[in-house]
Structures are given as structure tokens and as C-alpha cells.
Amino acid sequence: EFCNEKMAIEQAWYPPVYLSSGEKTVKNDFLFSENEKIMVISGPNAGGKTVSLKTVGTIASFASRGFPVPASKAEIPYFKKIFTVLGDNQNTITGESSFSAHLKELAETANLADEKSLVLIDEIGTGTDPLQGGAIARAYLEFAANKKYYTIVTSHLAEVKSIALEDNRFIPVAMGFDSGKDKPTYKFQYN
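What comes next concerns the included structure. Predicted model only: the values in this text are computed from it and were never measured.

### Structural notes on unusual backbone geometry
The phi torsion at Q11 lies on the positive side, around 50°, for a residue other than glycine. Turning to its location among the elements, Q11 is positioned in strand 1 (residues 8–12). Looking at Q11, the relative accessible area reads 31%, which means it is partly exposed. Of note, E123 is a non-glycine position whose phi angle comes to about 55°, a positive value. The topology assignment puts E123 in the loop between strand 6 (117–121) and helix 4 (130–147).

Rendered as C-alpha cells:
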């Protein structure tokens, strides 16, 4: 169901993971409110952060095309634009580093995204000194919060995690980790 006031996706899963894992696939809720439009996901490496981004991107894309979505229930806005900043897009031919490619993509989304957009950024602020990357990521996220477009980012950076805890426009999420078994649970832990 399309809904402009909020985004609430319940028990969502990523289809390629379901195809390989079946009923063992971990499902998560992506819950936003009218005032909370930025989700910051942190957690261990190989803990499911990138898959979470891909899950929401898949659901938004399927819904906008009229296809059933991989979730038990989904209320989402109709996104006119979906931006993804995933992976390392360095270009050795043009001399573009991982960091400069990342900055270029962030600038493009900042210029083009609006309230009818969804922005998905994996490892925001990477490819440089963590303090500098954290400052750039924080500035971008504050800009996105002011422009009020839905944004989901993953990060290990302390500065990014701290803004999610300090600013009530952000939703802090940690990917679960079972320390007894020494492995990720892939389950969201809000706040």
C-alpha cells in the first residue's frame, strides 16, 4: 500500500537470500515515522547491513512497478527516484579514487534527491581517514534530514552512529550479534 505519511515494512526479506536459505531467512522490520526519515544501520562485518539496503531497494522498486513485495506488510511512499551508493566505484583510468568516487555519488544524490526520493548508502564516508569521513557523512546526513528524503545508510563510523543517537530525526539500528556463538544474528535491534 502506498502511504505518504510514513514507511513501515514488516517482516521483509531479500529474495536472493530466500532462494538460498528458504524458511531460515531472517526477516526484519523497517519502521519509519513522519519525523524519522533516516535510518543508520551499524553492526559487524558480514552481519547483513548491505543486504538490508538491498531489501528496501528491492521492495521500493517492486512496489513502484506494481509487483508484490517480499514482506508480510508494506506501507511505503511512491518513490519517484531511488538512489543507491553501493560498492567501490573507483576508476583507475580516470584517476578517481574510491573516496572521490564516493564523494561524487553523495554530491549527485544531494543535488537530485527530494522528498519523493529514497537514498540507500552503503558505508557512508568510507575511503578516507575515519574522522574526515565521519565529518563528511554527518554533514551529508544533516543535509538529507533537512531536505526530508528517506535515507538508509550503513556505517562503522563513530560519528555516524552518534548522530543517529543524538538527533530524533534519525533511527539507530544495530545488527544483532550472538557473542556466545560468535556469529551475527542478522536481526535488527532498534535504538
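### A few points about the pattern of salt bridges
In this structure the tally under the stated criterion is 6 salt bridges. Across the pair E159 and R138 runs a salt bridge whose closest N-O atoms are separated by 2.8 Å. Taken together, the positions of E159 in helix 5 (residues 158–166) and R138 in helix 4 put the pair 21 residues apart, joining distant regions of the chain. Linking D167 and R169 is a salt bridge whose minimum nitrogen-to-oxygen distance equals 2.8 Å. In this structure D167 comes out as buried when scored by relative accessible area, which is 18%.

### Some points on helix 5
Taken residue by residue, helix 5 has V160, I163 and A164 as its buried positions. Viewed along the axis of helix 5, the buried residues span an arc of 100°, placing them on a single side of the element. The exposed set on the far side of helix 5, more than 90 degrees from its buried face, consists of A158, L165 and E166. Buried-residue contacts for helix 5 involve strand 3 (38–42), helix 4, strand 7 (150–154) and strand 8 (170–178).

### As for the layout of surface pockets
A probe matching the size of a water molecule, rolled over the atoms, marks out where space remains unfilled. Counted as a void, the largest pocket has a volume near 270 Å³. In this structure, the largest pocket is lined by 16 residues; those nearest its centre are V17, T25, V26, V51 and Y186. Of all the secondary structure elements, the ones that give two or more residues to the lining of the largest pocket are helix 1 (15–21), strand 2 (28–31) and helix 2 (49–64). If one sorts the elements of the lining of the largest pocket by residue count, helix 2 sits on top with 3 residues. Computed from the structure, the second largest pocket encloses a volume of approximately 210 Å³. Taken together, E34, N35, K37, I38, E115, A144, A145, K148, Y149 and R169 make up the lining of the second largest pocket. In terms of residue class, the lining of the second largest pocket is built from 4 nonpolar, 1 polar and 5 charged.

What counts and how
Residues numbered from 1 in each chain as written. Predicted model: local features only at pLDDT ≥ 70, side-chain atom pairs only at ≥ 80, totals over all residues. Heavy atoms only, no water. Helix = DSSP H or I, 4+ residues; strand = E, 2+ residues; numbered from the N terminus. Buried < 20%, exposed > 50% of the residue type's maximum accessible area, 1.4 Å probe, protein only. Salt bridge = Lys/Arg side-chain N within 4 Å of Asp/Glu carboxyl O. Arc of directions from axis to C-beta. Contact = heavy atoms within 4.5 Å. 1 Å grid on protein atoms, 1.4 Å probe; cavity = no way out; pocket = protein on both sides within 12 Å on 5 of 7 lines; lining within 4 Å. Points joined across faces, edges and corners; volume = space filled by probe spheres on them. Nonpolar A, V, L, I, M, F, W, Y, C, P; charged D, E, K, R; others polar.

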